[in-house]
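Each chain, letter by letter, is given below.
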Amino acid sequence: MSSAFLTVEVDDATFTEPVQLTFRRLEPPQRVHTVDLDGAGPRRARGLQRRSDGSLDADAPAWACPVEDSGAGVSWLVYGGNAGLWLAPATASEPDLEDSAQVVETYVLVDRGDIILAE
């Protein structure tokens, strides 16, 4: 199994702190459909992408791939666009940080069983 590096960069501070982190990926990224974060049930995974005109695409792809995690061995990295990763019920149309059913993160590390990849 070959490995490569993947950089996750969030440079928009609207929803999360900006970060730039590099991970050693073990497989190519794949589109992810849902994530069960902390056993709360599956939520639709979407990337938040700030466009060059300043508007927000709240339905950009989210991606996942296995990465080496020094604390846990192999974990699945789930990430979105340059404004973050949005996990929310499928009916949500835009991020609402006051809604406890929605989560916006720069990225999450989960077990493979916690994600459903897009077909």
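The structure displayed is predicted, hence computed values, not measured ones.

1. Description of the packing of aromatic side chains
Two measures describe an aromatic ring pair: the distance that separates the ring centres and the angle between the ring planes.
No. 1: Applying the stated criterion across every chain yields a total of one aromatic pair.
No. 2: Ring geometry for F23 and Y107: centres 5.4 Å apart, planes at 70°, overall edge-to-face. One end of the pair, F23, is in strand β2 (residues 19-25); the other, Y107, is in strand β10 (residues 107-110), and 84 residues separate them in sequence.
No. 3: The class of Y107 is partly exposed, set by a relative accessible area of 24%.
No. 4: The positively charged end of R46 is found above the aromatic ring belonging to W86, 4.0 Å away from the centroid.
No. 5: The lysine or arginine in question, R112, covers the ring of W76, its NZ or CZ lying 5.1 Å from the ring centre.

2. Details of the pairing of strand β8 (residues 84-88)
No. 1: Counting buried residues along β8, five of its five residues qualify, which places the element largely inside the surrounding structure.
No. 2: Burial of the side chains of β8 extends over both faces: G84, W86 and A88 are buried on one face and L85 and L87 on the other.
No. 3: Across five bridges, the pairing between strand β4 (residues 42-50) and β8 is antiparallel. Counted as the bridge partner of A45 is L87 from β8.
No. 4: Inspection of the sheet shows β8 paired to strand β9 (residues 103-105) by three bridges, in the antiparallel sense. Pairing of L85 across the sheet is with E105, part of β9.

The rules behind the values
Residues numbered from 1 in each chain as written. Predicted model: local features only at pLDDT ≥ 70, side-chain atom pairs only at ≥ 80, totals over all residues. Heavy atoms only, no water. Phe/Tyr/Trp six-rings, centres within 6.5 Å; stacked < 30°, edge-to-face > 60°. Helix = DSSP H or I, 4+ residues; strand = E, 2+ residues; numbered from the N terminus. Buried < 20%, exposed > 50% of the residue type's maximum accessible area, 1.4 Å probe, protein only. Lys NZ or Arg CZ within 6 Å of the ring centre and 35° of its normal. Pairing = 2+ DSSP bridges.

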